[in-house]
Amino acid sequence: MPALFSVPGDALAGTAAAGARPDRRTLLAIGSSLCLYEAGMALNDWADRDVDAVERPHRPLPSGRIRPAAALTAACALTAAGLALAARAGRPALTVAAPLAATVWAYDLGVKHTPAGPVAMGAARGLDLLLGAAATTGRTARALPSAALLGTHTVAVTTVSRQEARGGSPLAPLAALATTALLTRAVTRRPGEPASGPSPATALTPAGSRTGRRHPADATAELLTAACAATYAASAARPYFHAALNPSPPLTQRAVGAGIRATIPLQAALTARSRGTAAALLITALAPLGAKFAKKVSVT
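The paragraphs below set out a description of the structure included in this document.

Thresholds applied
Residues numbered from 1 in each chain as written. Predicted model: local features only at pLDDT ≥ 70, side-chain atom pairs only at ≥ 80, totals over all residues. Heavy atoms only, no water. Helix = DSSP H or I, 4+ residues; strand = E, 2+ residues; numbered from the N terminus. Buried < 20%, exposed > 50% of the residue type's maximum accessible area, 1.4 Å probe, protein only. Contact = heavy atoms within 4.5 Å. Areas by Shrake-Rupley, 256 points an atom, 1.4 Å probe, with all protein chains shown as cover. Salt bridge = Lys/Arg side-chain N within 4 Å of Asp/Glu carboxyl O. Axes fitted to C-alpha atoms, helices over the stretch in contact; angles between N-to-C directions. Parallel < 35°, antiparallel > 145°, perpendicular 65-115°, else oblique. Left-handed = near helix turned anticlockwise from the far one by under 90°. Nonpolar A, V, L, I, M, F, W, Y, C, P; charged D, E, K, R; others polar. Expected span 1.5 Å × (residues − 1). Arc of directions from axis to C-beta. Phe/Tyr/Trp six-rings, centres within 6.5 Å; stacked < 30°, edge-to-face > 60°. Lys NZ or Arg CZ within 6 Å of the ring centre and 35° of its normal. Polar contact = N/O pair within 3.5 Å; in protein donor to acceptor, adjacent residues only side chain to side chain.

Thoughts on the overall build of the chain
Now for step 1: For the chain, the count of helices and strands is twelve helices and zero strands.
Now for step 2: Taken from the N to the C terminus, the helices and strands of the chain come in the order α-α-α-α-α-α-α-α-α-α-α-α.
Now for step 3: Counting only residues that meet the buried cut, the chain has 46% of its 300 residues in that class.
Now for step 4: Of the contacts made within the chain by residues no fewer than 6 positions apart, 72% connect residues no fewer than 24 positions apart.
Now for step 5: Summing over all exposed atoms, the chain offers an accessible surface of approximately 14100 Å²; the carbon and sulfur share of this is 65%.

Written as C-alpha cells, this is what we have:
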C-alpha cells in the first residue's frame, strides 16, 4: 500500500506537462494507473513465489496467507479494470494503457531477470505519466520530456533493487546517486536554458523579456519546483550514499524504499515546472501519507 501513493502523481505530472488542468478523465487515468500498479505487484509476488519462499518466506504467498491462484486472479482482474478505466477516458488513453499493461506483465513474467529489466520498469513509469496526458488532452508529445526524466529515475531505483535481497556491488547505488544529481539539475533548469546556465541576455526573465518583469505565477512555480527538487535530492541521496558505502541487504533495501518514496517529490517538481502549482501541492501532500503506511508495511 505505501507504494500506491507514488502513483497518482504520474497522471497529474503528465497532465501538467501537456499544458492542461486535471479533469474527470485525469481521475479515470489515476484509477487505471492504480489498478495496473496493483496488478503488477500481485503478479510479481505470484511469479516470484518460489524465490520468495527461500529469500522472504514471510511474504503472503510463501507463508500461505494467500493462495497463488488468488494472486493470479487478482492480477488479471486488476489489469482488466485498469484497461476498462482507460477506455472510459478515451481511445488515446487506452492506446497508452495497453502497452503499459503489456510492459507490466512482460516485466513480471521474465524481463526483470534480464539486463533489460530496469529499462522495462522505467518504461512502465514513463508510460504511466503519458497515460495522464493522453487521457486529459488526447496528446502525449509535450509530456515526453517529463516521462523520460521520471523513467530515468525509475531505472536507477530498479537497478539498485536487483541486489536488495543479497547485497552486492556499490556501483548501482553510486550510479543512482549520480542520476539523482543529474535529474535534480535537469528539473530545475528553465526551458531553453543551456546546461552551463542562463546567458546574460535571458537571465533577467524566463522568457527573455526586455522589461525584466516576471509574472507572479511563474515565480511561484519556479520556487515550488526548486523546493520539490531539493526534497527529491535530499530524500534519495543519503540512503544511496549509505548503500554505496555498505551494500548490505538492509541498507540496500532502505535505499530502494527511499528511491520509491522520492518519486513523489520528483513528480511534484515536474508538475510545478509545467506551471501545475495546485497539482504539485496535491502530489506533495501524498508523501507523508506514504511515509505513515511505510512504517507498517515495507514499501518493497
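Considerations on the environment of A42
Now for step 1: Mapped onto the elements of the fold, A42 is located in helix α2 (residues 24-47).
Now for step 2: Each C-alpha atom, one on A42 and one on A74, is 6.9 Å from the other, the two residues being 32 residues apart in sequence.

Overview of the environment of A278
Now for step 1: Along the chain, A278 turns up in helix α12 (residues 277-294).
Now for step 2: On the accessibility criterion, A278 (61% relative accessible area) is exposed.
Now for step 3: Each C-alpha atom of the pair A278 and A268 lies 9.8 Å from the other, and the pair is ten residues apart in sequence.

A word on the pattern of salt bridges
Now for step 1: Evaluated as defined, the whole model comprises six salt bridges.
Now for step 2: A salt bridge links R59 to D45, with the shortest nitrogen-to-oxygen separation between them at 3.6 Å. A residue pair is termed long-range when its members are at least 10 positions apart, and R59 in the loop between α3 (49-55) and α4 (68-89) and D45 in helix α2 qualify at 14 residues.
Now for step 3: Judged by its relative accessible area of 14%, R59 is buried.
Now for step 4: Put simply, D218 and R275 hold a salt bridge, and the shortest N to O gap is 2.9 Å. Here D218 is found in helix α9 (residues 216-245), whereas its partner R275 is found in the loop between α11 (263-273) and α12, with 57 residues between them in sequence.
Now for step 5: Relative accessible area serves as the criterion here: at 22%, D218 is assigned to the partly exposed category.
Now for step 6: Three or more residues are tied together by salt bridges with common partners; here these are D45, D52 and R59.

Digging into the packing of helix α1 (residues 8-17) against helix α6 (residues 117-137)
Now for step 1: Interhelical geometry of α1 versus α6 gives an angle of 55° and a closest axis separation of 7 Å. Here α6 runs oblique to α1, going by the angle between their axes. For the element pair α1 and α6, the recorded crossing hand is right-handed. Contacts from D10, A11, A13, G14 and T15 in α1 reach R125, D128, L129, G132, A133 and T136 in α6.
Now for step 2: Looking at side-chain class alone, the contact of α1 with α6 contains four nonpolar, four polar and three charged residues.

Some points on helix α5 (residues 91-108)
One turn of an α-helix holds 3.6 residues; hence residues three or four places apart share an orientation.
Now for step 1: In a regular helix each residue adds 1.5 Å, so 18 residues correspond to 26 Å; α5 covers 26 Å between its end C-alpha atoms and thus fits that length.
Now for step 2: Turning to α5, its buried residues number three or more, namely A93, V96, A97, L100, A101, T103, V104, Y107 and D108. Burial along α5 is one-sided: seen end-on, the buried residues are contained in an arc of 160°. In α5, those exposed residues whose orientation departs by more than 90 degrees from the buried face are R91 and T95.
Now for step 3: Buried residues belonging to α5 abut α2, α4, α6 and α7 (144-161).

Some remarks on the packing of aromatic side chains
Now for step 1: By the definition in use, this model includes zero aromatic pairs.
Now for step 2: Positioned over the ring face of W46 is R49, at 4.5 Å from the centre of the ring.

Re the environment of A97
Now for step 1: Checked against the element boundaries, A97 lands in helix α5.
Now for step 2: On a C-alpha basis, the gap between A97 and A86 in space is 6.4 Å, while along the polypeptide they are eleven residues apart.
Now for step 3: For A97, the residues in contact, after removing those within four places along its chain, are S32, L36, L83, A86 and L131.

Quick notes on α2
Now for step 1: Its 24 residues place the ends of α2 35 Å apart at the C-alpha level, agreeing with the 34 Å of an ideal helix rising 1.5 Å per residue.
Now for step 2: Capping the start of α2 is the job of one residue whose side-chain oxygen sits 3.0 Å from the backbone nitrogen of R25: D23.

Re the packing of α11 against α12
The angle between the axes and the distance between the axes are what describe a pair of packed helices.
Now for step 1: One can describe the packing of α11 onto α12 by two numbers: an axis separation of 8 Å at closest approach and a directional angle of 175°. Put simply, α11 runs roughly antiparallel to α12. Of the residues in α12, those touching α11 at I264, Q267, A268, T271 and A272 are A279, A280, I283, T284, L286 and A287.

Considering the side chain of T180
Now for step 1: Along the chain, T180 falls in helix α8 (residues 171-188).
Now for step 2: Judged by its relative accessible area of 3%, T180 is buried.
Now for step 3: A polar contact of 2.9 Å, which involves the side chain of T180, links it to the backbone oxygen of A176.
Now for step 4: Contact partners of T180, with chain neighbours within four places excluded, come to Y232, A233, A236 and Y240.

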